[in-house]
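# Descriptive analysis of the structure
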Amino acid sequence: MKLYFCRHSFCMNLIVDVGNTNIKLAVFSKNELVYKVVCQNQEFPIALAALSQRFSEISHCIVSAVGRFSKDYVDLLSGQYVLIQLTNNTLVPFVNAYGTPLTLGVDRIALASAAALKFPKENVLIIDAGSCITYDFLTSDNHYKGGAISPGISMRYKAMGHFTAGLPNLEKEKPISFVGDSTVACMHSGVIYGVVSEIEGAINRYKHEYSDLTIILTGGDADFLRESIKLGIFANSNFLLEGLHSILEHNKH
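Quick summary incoming for the structure in this document. Owing to the predicted nature of the structure, the values given are computational and were not obtained by experimental measurement.

Criteria and cut-off values
Residues numbered from 1 in each chain as written. Predicted model: local features only at pLDDT ≥ 70, side-chain atom pairs only at ≥ 80, totals over all residues. Heavy atoms only, no water. Axes fitted to C-alpha atoms, helices over the stretch in contact; angles between N-to-C directions. Helix = DSSP H or I, 4+ residues; strand = E, 2+ residues; numbered from the N terminus. Left-handed = near helix turned anticlockwise from the far one by under 90°. Contact = heavy atoms within 4.5 Å. Nonpolar A, V, L, I, M, F, W, Y, C, P; charged D, E, K, R; others polar. Buried < 20%, exposed > 50% of the residue type's maximum accessible area, 1.4 Å probe, protein only. Core = buried A, V, L, I, M, F, W, Y, C linked by side-chain atoms within 4.5 Å. Disulfide = S-S within 2.5 Å.

As a further point, take the packing of helix α4 (residues 153-163) against helix α5 (residues 183-209). Two elements in contact, α4 and α5, have axes separated by 10 Å at closest approach and are oriented at 140°. For the element pair α4 and α5, the recorded crossing hand is right-handed. Contacts from Ile153, Arg156, Tyr157 and Met160 in α4 reach Met187, His188, Val191, Ile192, Gly194, Val195 and Glu198 in α5. Along the lines of polarity and charge, the residues of the contact of α4 with α5 split into seven nonpolar, two polar and two charged.

Here is the structure:
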């Protein structure tokens, strides 16, 4: 279990972000993130109990689940807080102009909500580098248009190890050189520089169409990638949590 602590404050909202690998629990006081813990799925009841005891002022909670989240866990939350489960029918602070709105992932809904809150009247491209790399575009008139989805860093490594007989299973590592001098070095170069080139290429395509573009890089691999991307970006690993908080506040009214 990984724990992140900012500073103590009176807290109002609990955010539960259920990903494909971990669950993040975050506490917001007003619009400020004051506490965050990351746990495995099976650790959730223990993490929740400790958090609830520490922050008795929490009254509302929102759950966003792209990974597995049992009904028992939902019941734990609904027994303690006013609970919202994020779906495609939840009220959001932007206009959803996606061609298939019922298929839009709740994680992407949260990212677009954060962009609508933090960058009003701006064209915003949100790049979420996680299990997959997602690109989400919100226009200056607050319309969500869509974007793109591609394999994330870990998925690319796993695909090479799984679908070939001769390539090893590797963990991500920054390459020493663009020209790899061994099979392992070539794999690191191919994955990392390939992802960087993809992201920079996507940014350039959007900038060609929208010169006044704000770019956000977030997700689990954001810190790993941000120094390698030479184009102007804002890196914010908590952007999705901030978006979920904005949705929860939006639905209180």
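As a further point, take the side chain of serine 52. By the secondary structure assignment, serine 52 is in helix α1 (residues 44-54). Using a relative accessible area of 15% as the deciding quantity, one classes serine 52 as buried.

Moving on, we come to the nonpolar core. If you look at the biggest cluster of nonpolar residues, it comprises 29 residues, and the most contacted ones within it are Ile15, Ile62, Leu86, Phe94, Ile126, Phe239 and Leu244. For this core, the leading source of residues is helix α3 (residues 106-118), giving eight residues. Setting aside its immediate chain neighbours within four residues, isoleucine 15 contacts Lys24, Leu25, Ala26, Phe28, Ile62, Leu241, Leu244, His245 and Leu248. The next biggest cluster of nonpolar side chains, apart from the first, holds 25 residues, and it includes Val191, Val195, Leu217 and Ala222.

Attention now moves to the state of the cysteines. Using the criterion set out here, one finds zero disulfides in the structure. Here cysteine 61 is not disulfide-linked; the sulfur of cysteine 39 is the nearest cysteine sulfur, at 13 Å. For cysteine 61, a relative accessible area of 0% translates into the label buried.

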